[in-house]
Amino acid sequence: MRYVIQLFIIICFSFAGELMRRLLPFPIPASIYGIVLLFIALELKWVKVKQIREVSTTLIISMPVMFVPPAVGLISSWENIKDNWPEYLAITFASTFAVMAIAGWTTQRIILWQKNRRIQEESGNGKDNA
Amino acid sequence: MHDFLAESVYMGVMLTLGTYCIGIWMKKVSGWTLMNPLLVSIVLSIGFLCATGTSYESYAKGADVISYLLTPATVCLAVPLYEQIEHLKRNYYAVTLGIVAGVLSSMLSILGMVLLLGMDHQAYVTLLPKSITTAIGMGVSEELGGNVPVTILVIVITGITGNIFAEKFLRLIKVKEPIAKGIAIGSASHVIGTSKAMEMGQTEGAMSSLAIVTSGVLTVITASLFAQLT
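In this text the structure is predicted, and so the values were computed from the model without any measurement. Residue positions are given per chain, counted from 1 along the sequence in the order it is written. Numbering of ligands from 1 and lettering of chains from A proceed in the order in which they are written. Given that the model is predicted, a residue must reach a pLDDT of at least 70 before its local features are reported, and side-chain atom pairs must reach 80 or more before they are shown or counted; all residues, however, enter totals for whole chains, interfaces and linings. To obtain the side-chain values, all non-hydrogen atoms of the structure were used and water was disregarded.

Caption draft 1: Structural detail: helix α8 (residues 92-116) of chain B. In this text, helices come from DSSP runs of H or I with a minimum length of four residues, and strands from runs of E with a minimum of two, each type numbered from the N-terminal end. The length a helix should cover is 1.5 Å for every residue beyond the first. Compared with an ideal rise of 1.5 Å per residue, which puts 25 residues at 36 Å, α8 of chain B spans 36 Å between its outermost C-alpha atoms and is within 8% of the ideal. Just downstream of α8 of chain B, G118 of chain B is the residue with a positive phi angle, here 65°.

Caption draft 2: Spotlight on the environment of K61 of chain B. All names here are of chain B. As for its position among the elements, K61 is in helix α4 (residues 56-68). K61 sits 51 residues away from Y10 along the chain, and the two C-alpha atoms are 8.5 Å apart. When neighbours within four sequence positions are excluded, K61 is seen to be in contact with A6, E7 and S8. Residue contacts are defined here by distance: any two heavy atoms, one from each residue, within 4.5 Å place the two residues in contact.

Caption draft 3: Inspection of helix α12 (residues 178-200) of chain B at higher detail. Residues and elements named next belong to chain B. For α12, built from 23 residues, the straight-helix expectation of 33 Å at 1.5 Å per residue is missed by more than 12%, its first-to-last C-alpha distance being only 9 Å. At H190, α12 shows its largest bend, some 140°. With respect to burial, α12 is a largely interior element, 20 of its 23 residues being buried. To obtain the bend at a residue, axes are fitted to the seven residues ending there and to the seven starting there, and the angle between these axes is taken. Burial classification: accessible surface area is computed with a 1.4 Å probe over protein chains only, and a residue below 20% of its type maximum counts as buried, one above 50% as exposed, and the rest as partly exposed.

Caption draft 4: Highlighting the pattern of salt bridges. By convention in these notes, a salt bridge is any Lys or Arg side-chain nitrogen within 4 Å of a carboxyl oxygen on Asp or Glu. Under the criterion given, the structure shown has six salt bridges over all chains. For R53 of chain A, the salt bridge identified is with E83 of chain B, shortest N-O distance 2.9 Å. Here R53 of chain A, found in helix α3 (residues 49-61), pairs with E83 of chain B, found in helix α6 (residues 78-83), and the two come from separate chains. Taking the relative accessible area as the measure of exposure, R53 of chain A reaches 35% and is therefore partly exposed. One salt bridge in this structure joins K115 of chain A and E177 of chain B, with 2.8 Å as the shortest N-O distance. Of this pair, K115 of chain A sits in helix α6 (residues 85-129) while E177 of chain B sits in the loop between α11 (148-172) and α12, each in a different chain.

Caption draft 5: Here's a closer look at the environment of I66 of chain B. Within the element layout of this structure, I66 of chain B appears in helix α4. Residue class for I66 of chain B comes out buried when judged on its relative accessible area of 9%. Sequence-distant contacts of I66 of chain B, that is, excluding residues within four places in its chain, are made with V65, M66 and P69 of chain A together with V13, T16 and L17 of chain B.

Caption draft 6: Just the environment of L128 of chain B, in detail. Residues and elements named next belong to chain B. Structurally, L128 can be placed in the loop between α9 (121-127) and α10 (134-144). Since its relative accessible area comes to 1%, L128 is described here as buried. Spatially, the C-alpha atoms of L128 and S106 are 7.7 Å apart, while their sequence positions differ by 22 residues. When sequence neighbours within four positions are dropped, the list of residues in contact with L128 reads S106, M107, I110, L144, A223, F226 and A227.

Caption draft 7: Local environment of the packing of aromatic side chains. Paired rings are identified among Phe, Tyr and Trp, the last through its six-membered ring, by centres lying within 6.5 Å, and are further divided according to the angle between planes into stacked (under 30 degrees), edge-to-face (over 60) and tilted (the rest). One pass over the full model with this rule turns up five aromatic pairs over all chains. Residues Y56 of chain B and Y59 of chain B carry aromatic rings whose centres are separated by 5.9 Å and whose planes lie at 45° to one another, so their mutual orientation is tilted. You can see Y56 of chain B and its partner Y59 of chain B sitting in helix α4, three residues apart, about one turn around the helix. The exposure classification of Y56 of chain B matches that of Y59 of chain B, with both residues buried. Seen in terms of ring centroids, Y92 of chain B and Y93 of chain B are 5.8 Å apart; in terms of plane orientation they differ by 75°. Their pairing is edge-to-face. Y92 of chain B gets classed as partly exposed once you look at its relative accessible area, which sits at 49%. Relative accessible area serves as the criterion here: at 54%, Y93 of chain B is assigned to the exposed category. Grouped by ring-pair contacts, the aromatic residues F97 of chain A together with F165 and F169 of chain B constitute a single cluster. The ring centre of W113 of chain A lies 5.1 Å from the NZ or CZ of R117 of chain A, which sits over that ring. Whether a charge sits over a ring comes down to the Lys NZ or Arg CZ being within 6 Å of the ring centre and within 35 degrees of the ring normal.

Caption draft 8: Quick peek at the confidence of the model for chain B. All names here are of chain B. Looking at chain B, pLDDT values average 90 and 99% of them are 70 or higher. Between the elements of chain B, mean pLDDT differs from a low of 75, seen in helix α1 (residues 2-7), to a high of 95, seen in α8. Scored by ipTM, the complex comes to 0.86, with pTM at 0.83. pLDDT is a per-residue confidence score from the predictor, ranging from 0 to 100.

Caption draft 9: Structural detail: the packing of helix α2 (residues 10-30) of chain B against helix α3 (residues 37-52) of chain B. Residues and elements named next belong to chain B. Every angle, taken between N-to-C directions, lies between 0 and 180 degrees, and every axis is a line fitted to C-alpha atoms, over only the stretch in contact when it is a helix. α3 packs onto α2 with a crossing angle of 135° between their chain directions and a minimal axis gap of 8 Å. The angle between α2 and α3 falls in the class oblique. As α2 packs across α3, the resulting crossing turns out to be right-handed. On α3, the residues touching M11, L15, T16, T19, Y20, I22, G23, I24, M26 and K27 of α2 are P37, L38, V40, S41, L44, S45, F48 and L49. For this classification, the nonpolar set comprises Ala, Val, Leu, Ile, Met, Phe, Trp, Tyr, Cys and Pro, the charged set comprises Asp, Glu, Lys and Arg, and every other residue, Gly included, is treated as polar. In the contact of α2 with α3, the residues fall into 12 nonpolar, five polar and one charged. Note that the term roughly parallel is reserved for angles under 35 degrees, roughly antiparallel for angles over 145, roughly perpendicular for angles of 65 to 115, and oblique for everything else. Handedness of each helix crossing follows the sense of rotation of the near helix against the far helix: counterclockwise by less than a right angle gives left-handed, clockwise gives right-handed.

Caption draft 10: Layout of the domain arrangement of chain A. What marks off one domain from the next here is an automatic or database domain assignment. With domains assigned, chain A is organised as domain 1 (1-61) and domain 2 (69-130). A separation of 27 Å is found between the C-alpha centroids of domain 1 of chain A and domain 2 of chain A.

Set out below in structure tokens:
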């Protein structure tokens with residue numbers, strides 16, 4: 001029974017996301033609106049994490065399986081790229097690794113820089129006190 | 001038998017779950033990165049359909065039940081995001097700039113390579129939304145006049161690439177901060193990559209979810225500007 005309620009709450013947010021998708025003119029999918037709505041509801045304590053814990057964990061863990069059917073559907077779009085698939089594949093690989101490297105390095109560089117500054121400030125304060 | 005396979009509702013579900021289980025088992029036995037359960041499942045399912053001459057439509061009739069869960073599952077990413085929000089507040093600039101850098105490098109690298117390989121405008125706008133989640137990417141591609149099925153294809157390949165190689169690649173380029181790892185995976189390989197980030201850790205998963213939402217929305221805004229560059 002508990003799990004049914006959990007699933008119901010999650011489906012409600014999916015539905016609300018669907019509704020926003022219909023009402024707003026942006027090419028943003030229901031799931032993204034749903035994340036934002038559920039996040040706001042959690043922040044405002046309208047929903048508590050323990051009310052959806054088990055079902056949400058299960059859904060998140062099972063997520064990779066859910067990509068299999070749409071990916072298998074790609075056999076039908078093969079026609080569209082069979083002439084220049086090496087180019088598409090090369091760009092896809094190269095740009096994926098480029099984004100991963102640049103986003104990762106940028107974030108890490110700033111985090112380390114802020115950490116160092118914090119340490120320096122602290123040691124600076126230490127000297128003042130001494 | 002052939003008619004039965006075409007009519008069966010559960011064939012698609014069984015094939016999807018069964019091949020995925022085989023993938024998990026092969027990963028466990030071989031310990032090899034390329035034996036990714038998602039990839040194994042896709043390859044074996046396609047192989048089975050081709051071998052038995054079953055159409056994609058009859059497969060999808062059952063298998064689509066599994067993908068219907070994708071929206072609720074994505075919505076659930078709000079939970080780790082909420083639980084890890086302190087990390088975001090403490091590292092606001094790092095996270096924001098990291099995601100912006102990711103979105104810009106995605107579009108610039110695609111622009112550069114499209115020009116280099118001499119591909120046309122349609123190929124360019126088809127590829128532009130490749131690093132964001134399928135549902136947003138489809139909309140962006142359609143709006144810019146791209147080839148939507150191809151966009152879906154490159155988005156899925158991008159995700160699987162991230163899912164398979166992220167852990168090793170990030171170690172190779174010495175990205176060690178969990179927050180930076182999450183942002184890198186989410187920015188580069190959206191939801192499919194994020195399911196890997198979830199396995200790597202709570203912080204990685206939450207930051208990756210955050211990057212999907214933010215980079216998706218940023219791409220909606222900036223892609224139309226970039227589309228005018230070719």
